[in-house]
Amino acid sequence: MESIRGRDDRAEAGRSSMDDLWFFQVVASNETLTAASRELGCSLSVVSKRLTALERRLGARLVRRGPRRLALTSEGRRYAARTQTILDQIRELEDSLADRSAELRGTLVVESTIGLGRAHVAPLLGEFAADHPRLHAQLHTSELPLRPHRRAFDVAVHVGAPPDSSLRMRRLAANRRVPCAAPSYLAERGEPAGVEDLAGHNCIVLRENEGDFALWRFGDASGPRHVRVHGHLSSNDGDVVTDWALRGRGVIMRSEWHVAPYLDRGELVRVLPQVPTPAADIYALYGGDEHVPQRVSRFVDHLASGLPRRLAAPGGADVPR
């Protein structure tokens, strides 16, 4: 007969393995061990030692520790992908059992860019959490590009064409990026008559994601156009870029949702209004598995109804629900 001690040892090993899955998912979803240690709430040395112990137990190198960011090895990418699948399945099982109750519970992790996250996603998530007090809601904001293969979110709010992945997507609101400048700048430098004229203007570049920052796109799918712009100011902070434009420092290309209040008040003026710009719609991205937890589907519904309402409000202000 099996001893109680033997069963206890296996139960403890099972708990340890589950903890390792969760631990490595946090590590894999962060750019550095320092960032992972902050999310885990422990010291960098503890995280490093635990990662080393996990690699020793598995007999495989999972992470290459670079001076600036982590890089997953091929074994690490495979382990992270399967880890995400296993954790998703466990959460889905728990959700399916809890779905009998109308009360939402558990953890809801939402990811967004900093600007949209601060202005609109955070208030909408706050409303949702207030309506469901047993739900633990987290918002992660970043200017880094979305990496579906390092997914550590339940819902991501993404601006522009979604990346190829197995994630589901739902269009939340129409949006496009538009060029604009302060009246004072245009009075001094003149308004460009065509797209090519932007090459001779001081264009303020927003260095976000991993694209070609200085290549501004115009037109649509049937007639795309682009121009390489130049200027002496750039930043990875969208609010900084907009503030420079408001002070008459140059021309910016920003999302319509962001600059609409300034355009309405005349603080910024649309440049080249006769030239269309490609769509950069706002999407919700979430798990592509068959079962979508209620907390996820209902929050996506909340975003789909609340975000257009907020964007249409005068000045982008809060409006009653």
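As a reminder, the structure under discussion sits directly above these lines.
As the structure is a prediction and not an experimental result, all values here were calculated from the model. (Residues numbered from 1 in each chain as written. Predicted model: local features only at pLDDT ≥ 70, side-chain atom pairs only at ≥ 80, totals over all residues. Heavy atoms only, no water.)

**Here we look at the overall build of the protein**
Here is step 1: A count of helices and strands for the protein gives nine helices and 14 strands.
Here is step 2: Counting over 321 residues, the protein shows a buried share of 42%.
Here is step 3: For the protein, long-range pairs separated by at least 24 residues make up 72% of all intrachain contacts whose partners lie at least 6 apart in sequence.
Here is step 4: Here the protein has roughly 17000 Å² of accessible surface; of this, 50% comes from carbon and sulfur atoms. (Helix = DSSP H or I, 4+ residues; strand = E, 2+ residues; numbered from the N terminus. Buried < 20%, exposed > 50% of the residue type's maximum accessible area, 1.4 Å probe, protein only. Contact = heavy atoms within 4.5 Å. Areas by Shrake-Rupley, 256 points an atom, 1.4 Å probe, with all protein chains shown as cover.)

**Focus: the pairing of strand S5 (residues 155-159)**
Here is step 1: Within S5, five of the five residues are buried, which leaves the element mostly enclosed by the surrounding structure.
Here is step 2: Judged by which residues are buried, S5 turns out to be covered on both faces: Val155, Val157 and Val159 on one side and Ala156 and His158 on the other are all buried.
Here is step 3: Relative to S5, strand S3 (residues 106-112) runs parallel, the two sharing three bridges. For Glu111, the partnering residue across the bridge sits in S5 and is Ala156. (Pairing = 2+ DSSP bridges.)

**Regarding the packing of helix H5 (residues 114-131) against helix H9 (residues 294-312)**
Here is step 1: Between H5 and H9, whose axes approach to 10 Å, the crossing angle comes to 130 degrees. For the element pair H5 / H9, the angle class is oblique. Remark: the crossing between H5 and H9 carries right-handed chirality. Here H5 contributes Ala119, His120, Pro123, Leu124, Leu125, Glu127 and Phe128 to the contact with H9, which in turn contributes Arg295, Arg298, Phe299, His302, Leu303, Gly306, Leu307, Arg309, Arg310 and Leu311.
Here is step 2: Classifying every residue of the contact of H5 with H9 gives nine nonpolar, three polar and five charged. (Axes fitted to C-alpha atoms, helices over the stretch in contact; angles between N-to-C directions. Parallel < 35°, antiparallel > 145°, perpendicular 65-115°, else oblique. Left-handed = near helix turned anticlockwise from the far one by under 90°. Nonpolar A, V, L, I, M, F, W, Y, C, P; charged D, E, K, R; others polar.)

**Comments concerning the sheet that holds strand S4 (residues 135-141)**
Here is step 1: Taken together, five strands build an open sheet; the order of strands is S4-S3-S5-S14-S6 and the sheet is mixed. Looking at which strands have only one partner, the edges of the open sheet turn out to be S4 and strand S6 (168-173). For this sheet, the mean angle separating the axes of adjacent strands, direction not counted, is 20 degrees.
Here is step 2: Pairing analysis gives seven bridges linking S3 to S4, with the strands arranged parallel.

**Overview of the side chain of Thr73**
Here is step 1: Relative to the helices and strands, Thr73 is located in the loop between strand S2 (70-72) and helix H4 (74-98).
Here is step 2: From its side chain, Thr73 meets the backbone nitrogen of Gly76 in a polar contact 3.0 Å long.
Here is step 3: The residues contacting Thr73, other than those within four sequence positions of it, are Arg61, Leu62, Val63 and Arg64. (Polar contact = N/O pair within 3.5 Å; in protein donor to acceptor, adjacent residues only side chain to side chain.)

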